[in-house]
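# Survey of secondary and tertiary structure
The primary structure of each chain is shown beneath.
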Amino acid sequence: MKHLAAYLLLGLGGNTSPSAKDITEVLESVGIEADSDRLEKLLSELKGKDISELIAEGSSKLASVPSGGSGGGAPAAGGAGGAAAADEEAAAPAAEEEKEESDEDMGFGLFD
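Let us look at the structure shown here.

Cut-offs and rules
- Residues numbered from 1 in each chain as written.
- Predicted model: local features only at pLDDT ≥ 70, side-chain atom pairs only at ≥ 80, totals over all residues.
- Heavy atoms only, no water.
- Axes fitted to C-alpha atoms, helices over the stretch in contact; angles between N-to-C directions.
- Helix = DSSP H or I, 4+ residues; strand = E, 2+ residues; numbered from the N terminus.
- Parallel < 35°, antiparallel > 145°, perpendicular 65-115°, else oblique.
- Contact = heavy atoms within 4.5 Å.
- Nonpolar A, V, L, I, M, F, W, Y, C, P; charged D, E, K, R; others polar.
- Left-handed = near helix turned anticlockwise from the far one by under 90°.
- Polar contact = N/O pair within 3.5 Å; in protein donor to acceptor, adjacent residues only side chain to side chain.
- Buried < 20%, exposed > 50% of the residue type's maximum accessible area, 1.4 Å probe, protein only.
- Arc of directions from axis to C-beta.

### Regarding the packing of helix α1 (residues 2-12) against helix α2 (residues 20-29)
Viewed as axis vectors pointing N to C, α1 and α2 meet at an angle of 105 degrees, and their least axial separation amounts to 9 Å. What the angle tells us is that α1 and α2 run roughly perpendicular. Mapping the contact onto sequence places Lys2, His3, Ala6, Tyr7 and Leu10 in α1 and Asp22, Ile23, Val26 and Leu27 in α2. Residues belonging to the contact of α1 with α2 are distributed by class as follows: six nonpolar, one polar and two charged.

In structure tokens form, the structure reads like this:
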């Protein structure tokens, strides 16, 4: 990825076909060592191709890939609906009791 990022940065700077030396200089300018094998592979795969066209083609391929969640799971169906309502009613007073017991402000305000 670092080699591709340097390639793209050079392309943004106006160098439409960066050489291995150009990419190596960009990486070394920020203290990153270039891997010559990966760099040569990247350059051989991009040789003679327009990077803007490759990005557009890749974007159209990504658009066809389903992404995102399908939403939350469906609630479980069953006859326990009445029991769940009773549990909720019992939990509500317990939450109110917790508020009374806690010393939220402890007698002073945080920003006073």
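### Digging into the packing of α2 against helix α3 (residues 36-46)
Their axes nearest at 10 Å, the elements α2 and α3 cross at an angle of 130 degrees. What the angle tells us is that α2 and α3 run oblique. Considering the relative orientation of α2 and α3, their crossing is right-handed. Contact residues: α2 offers Ala20, Ile23 and Thr24, while α3 offers Leu39, Glu40 and Leu43. Residue classes in the contact of α2 with α3 are distributed as four nonpolar, one polar and one charged.

### What about the side chain of His3?
Secondary-structure assignment places His3 in helix α1. Within the structure, His3 has its side chain in polar contact with the backbone nitrogen of Asp35 (distance 3.1 Å). Beyond its immediate stretch of four places on either side in the chain, His3 contacts Ile23, Leu27, Ala34, Asp35, Arg38, Leu39 and Leu42.

### Some points on the environment of Lys49
Residue placement: Lys49 occurs in the loop between α3 and α4 (51-63). Placed 32 residues apart in sequence, Lys49 and Ser17 show a C-alpha to C-alpha distance of 9.2 Å.

### Notes on α1
For α1, the complete set of buried residues consists of His3, Ala6, Tyr7 and Leu10. For α1, the angular spread of buried residues about the axis comes to 100 degrees, placing them on one side. Turned more than 90 degrees off the buried face of α1, the exposed positions are Leu9 and Leu12. Positive phi shows up at Gly14, right after α1, with a value of about 110 degrees.

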